[in-house]
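Structural characterization, general
The lines below spell out each chain.
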Amino acid sequence: MKKFQAIFFTLIASLALAVPARAQEAALSLDARVNEAFANATGWFVNFIFMSIPGTNFPWIVMWLVVGATVFTIYFAAVQFRFFGHAIALVKGDYSDPKDAGEVSHFQALATALSGTVGLGNIAGVAVAVGIGGPGATFWMILAGLLGMASKFTECTLGVKYRNEYPDGTVSGGPMYYISKGFDELGLPGGKVLAVMFSIFCILGALGGGNMFQANQAHAQITQITGDFPGWITGIVFAAIVFAVIVGGIKSIARVTEKVVPFMGILYVGAAIVVLIVNYEMIGWAFGQIFAGAFTGLGVAGGFVGALIQGFRRAAFSNEAGVGSAAIAHSAVKTNEPITEGFVSLLEPLIDTVVICTMTALVIIISQQLIIDQATGNYMLNEAGTAIATIDGNSGVALTSAAFGSAISWFPYVLSLAVILFAFSTMISWSYYGLKAWTYLFGEGKTTELVFKIIFCIFIVIGAAASLGPVIDFSDAAIFAMAVVNIFCLYFLMKVVRKELNSYSARLKSGEIKKFTH
Amino acid sequence: MKLVIGLDGRSSGEKALAFAKNLAKKADDCELIVVYVIEWSPFSFQTAAENAERHKRREEEIAIARERVVDPAVADLKAAGLNARAIVRHGDVADTIDSIAHSEDASQIVVARSSDGGLTSRIFGSSTANLVMNARVPVTVVA
C-alpha cells in the first residue's frame, strides 16, 4: 500500500513541477550517486598514496618524488643546467640530419609531450597549490620544477633507448619497455613484474589525471559561463568528441586542437605578462610574498610545510617529472642518440612549471584574490580552516579565472576556451599513454584497443559528473603511483643513462658530433 | 653539366621536364636529377599517436611520390637516352630544392611556373618565387 502511495505522490509531484526542473533534480542526484560511489571505491588507494611519514604530516610520496629528482640532479651533476644550451640547439634542429626530414623531429616530440602536460595543472593545479599553501607554494613548485628536469632527462633517455621498433615502421616506448628490457639487460630480476605494475598504474593515471580531472574542471569552467547544469551532459559531449578522434580516427579534430593549443598557451602566458606589466609595481612585493611564504607559511594551514607539500605536489602533477608518462610521448623521435631526447625533454618541466605555473601563481598573488589579514600580514583561512579565504570563495580554476578577470575583464572567456581545449588535448595524449600501457598488458590488436578506448570515454562522463574533491585525490594518487614504480626502477637504470651521457659528451667535446649546416 | 628539375606533381611540372630534356639533349654530357619535395616542417604539432606512426607514414609518402611523380619522369628521361636519377625529400620546397642543387653542385635548377593560388601564397609567396629569390644556383622558370 505504501508503495502505491509513494507512486501516487511521485506522480502528483511530477505534474506539479515543471518538466525541466524534474529532469535536473534526477540528474543532480545521479551526479551525487556517481560521486559517492566513486569516493567509496577509491578512498583506500588515495589514503595509501598520501599516507604521511610516521610522526609527521608529510606525505611520503612527495618526499619520494623530491628525493628522486634530487638524486638524479646530483648523479648527473646538474645535467639540466650544463646541457641547457645544447638542448635548445637540438630543438632548433642544429644537430638534425637533413636526410631524416619527415621523421619525428626533436621539436615535435617535445611539443607532443608538452601538450600532454600543459593544461589544467598549470591553471587549476597552481590555483589549488597557492589557494591552500599560499604564495610560498610557488617557491617550492619552482624548485620542484628545476629538480624535476633531471628526472625527465633520465626517463626520456631510457624511453628512446629501449623502445620497440616494429617491422611496419611504428614505435612503442615508455617505462614498461625500459623497465622490462633494461632489467633483463642488467641481469636484474623482477623487471617484468614491475613493468606490469607500472602499466596498471599508468592506466589508472590515464583514467584519473589524464581524463576525469580534465573532464571535471572543463565542466566547472563551462558552468561558470552558462550557469549550473548536470556534469554528465558535459561528460557525454566530451566523450563523444574524444570517441570520434580516438576510435573514429577523425584526425581533423585532433589536428585543429594540436594547432590551437600552442596558440592558447602563448596567449595564456601573454595575458599573464600583460597582467604583470599592468601591476609592475607589485611584482617585487609578490616575490617577497613567495619567499616569505616559502619559509614561514604566512599563516597557511600546515605552516611552511603545508606550502612545501602543496608546491611539490602540484608541480609533480603539472610537469609529471618522474611519473614516466613523458617517456611514452618522447620515444617516437628520430635519433640515433637516445640521450639527445633526454636533453630535449628536460626543457619540459622548465616550460611547464618554471615558466607557465609561475605565471599563474604570480597573477593570483598580484591580483590579491587571497585575503590578507591587515593586522598580522598573514593570510586568512576560510571557515573550514583548510584553505586561504578568497574574495569570492573561489578555488581551483575559478580562482585563476577571477585573478585574470580582475585585470582583463574579458579574459575569463578566453580562459574557459583555453581550459576546454587544454583538457581535450591532455585527454587525447593520455588516451595514448593509457593505451600503450593497456596494449603492453593485453597485447596489440584492434579489439583490445577498442575496449580500452571505450572505457576511457566512459570515465570522461564519470569525471565530469563527480565533484572535485574525490576526483583530484584519485587523479593525484594514480599518477603518483606510476612515479613509485618508475623512480624505483630509474635508480637501477640510471647507470645506463650515465654511460650514454659520458660517451655523448666526450664525442661532443671532441667534435665527433657536429652541427649540420642547413 | 648537371641539372636539377623540381617537380610538383602537377601538369605544369611536365613542361619543366620537357624543357630540361631539350636542354640536356643539346649538351654533351648531362646528368638530370629529378627532385620532388614533400612539404613538411620539423616545427609542426602532432599527436602522440601520429608520432608513433610517423616513420611508417614517411615511407608511404616517399613510395607514393616515387611511384606517381619521379619514377615516371626518370623513366621518360632514360627512354630518351639521358642520364637521370631521382631524389624525394621532406621539407620546405624552396629550401630543399636549393640545398640539393647546391650540394650536388648542379649548374642549373629548372622548375615550372607556380600554379599555387589562394591566400597562403599571397602572404608567404609561392615556392617558386621563394626559390627564385633565395637560390644559390641559377634558376630557370618554365612558363
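Every chain is numbered on its own, with residues counted from 1 as its sequence reads. The lettering of chains begins at A and the numbering of ligands begins at 1, in the order of writing. Predicted model: local features are reported for residues with pLDDT of at least 70 only, side-chain atom pairs are reported and counted for 80 or more only, and whole-chain, interface and lining totals are derived from all residues.

1. Considerations on the overall build of chain B
Note on conventions: DSSP H or I runs of at least 4 residues are helices, E runs of at least 2 residues are strands, and numbering of each starts at the N terminus. Of regular secondary structure, chain B possesses 5 helices and 5 strands. Going from N to C terminus, chain B has its helices and strands arranged as β-α-β-α-β-α-β-α-α-β. Radius of gyration here is computed from C-alpha atoms only, and the compact-globule reference equals 2.2 Å multiplied by the residue count raised to the power 0.38. The C-alpha radius of gyration of chain B comes to 16 Å, within 12% of the 15 Å expected for a compact globule of 143 residues. In terms of its C-alpha atoms, chain B occupies a principal-axis envelope of roughly 50 × 30 × 25 Å. Scored against the burial criterion, the 143 residues of chain B give a buried share of 41%. We call two residues in contact when the distance between their C-beta atoms, placed using the backbone, is within 7 Å. For chain B, long-range pairs separated by at least 24 residues make up 76% of all intrachain contacts whose partners lie at least 6 apart in sequence. As a rule, residues whose C-beta atom has 12 or fewer other C-beta atoms within 10 Å are exposed, those with 20 or more are buried, and those in between are partly exposed; C-beta atoms are placed from the backbone.

2. Overview of the interface of chain A and chain B
Contact residues are listed per partner, giving 27 residues for chain A and 22 residues for chain B. Going through the elements one at a time, α6 (106-117), β2 (171-172), α12 (251-278) and α19 (411-442) of chain A are the ones with two or more residues in the side of chain A that touches chain B. Broken down by element, the side of chain A that touches chain B gets its largest block of residues, 5 residues, from α6(A).

3. A word on the environment of Pro175(A)
In this structure, Pro175(A) sits in helix α9 (residues 175-185). Distance in space between the C-alpha atoms of Pro175(A) and Leu417(A) is 33 Å, their sequence separation being 242 residues.

4. Observations regarding the nonpolar core
Residues and elements named next belong to chain A. Any nonpolar core is a set of buried residues, restricted to Ala, Val, Leu, Ile, Met, Phe, Trp, Tyr and Cys, that join up through C-beta atoms within 7 Å. Ranked by size, the top nonpolar core spans 181 residues in total, and within it Trp 140, Ala 144, Phe 198, Val 242, Phe 312 and Val 419 carry the most contacts. Sorting elements by how many residues they give to this core places helix α21 (residues 468-510) first, with 21 residues. In this structure Phe 198 touches Pro 175, Met 176, Ile 179, Gly 324, Met 482, Val 485 and Asn 486, once residues within four positions along its chain are discounted.

5. Things to note about the sheet that holds strand β4 (residues 108-112) of chain B
All names here are of chain B. Any two strands between which DSSP finds at least two bridges are classified as paired. Strands sit in the order β3-β2-β1-β4-β5 across an open sheet of 5 strands; the sheet is parallel. The strands lining the two open edges of the sheet, one partner per strand, are β3 (83-91) and β5 (139-142). Each adjacent strand pair in this sheet contributes to an overall mean axis angle of 25°, direction not counted. Two elements, strand β1 (residues 2-7) and β4, share 4 bridges in a ladder whose sense is parallel. Directly across from Val 4, in β4, lies its bridge partner Ile 109. In this description, a line fitted to the C-alpha atoms serves as the axis of each element, helices being fitted only across the stretch in contact, and the angle between N-to-C directions of two axes falls anywhere from 0 to 180 degrees. Lying on the sheet, helix α2 (residues 48-79) is in contact with β1, β2 (31-39) and β3; it crosses β3 at an angle near 155°. The strands that helix α3 (residues 93-103) touches are β1, β2, β3 and β4; relative to β2, the one it contacts most, it runs at about 150°.

6. Considerations on the confidence of the model for chain A
Summarising the model, chain A shows a mean pLDDT of 86, and 93% of its residues fall at 70 or more. The predictor attaches a confidence to each residue, called pLDDT, with possible values from 0 through 100. Scored below 50 in pLDDT, residues 1-23 of chain A shows 2 contacts in the model against residues more than four places distant or in partner chains.

7. Observations regarding unusual backbone geometry
Excluding glycine, most residues fall at negative phi; most peptide bonds, likewise, are trans. Residue and element names in this part refer to chain A. You will see that Ala 78, though not glycine, has its phi angle at about 55°, which is positive. With respect to the helices, strands and loops of the structure, Ala 78 is situated in the loop between α3 (60-75) and α4 (79-82). Positive phi, normally seen in glycine, also occurs at Glu 320, with a value near 60°. Looking at where Glu 320 falls in the secondary structure, it is placed in the loop between α14 (303-319) and α15 (325-330). By the C-beta count within 10 Å, which is 32 here, Glu 320 ends up buried.

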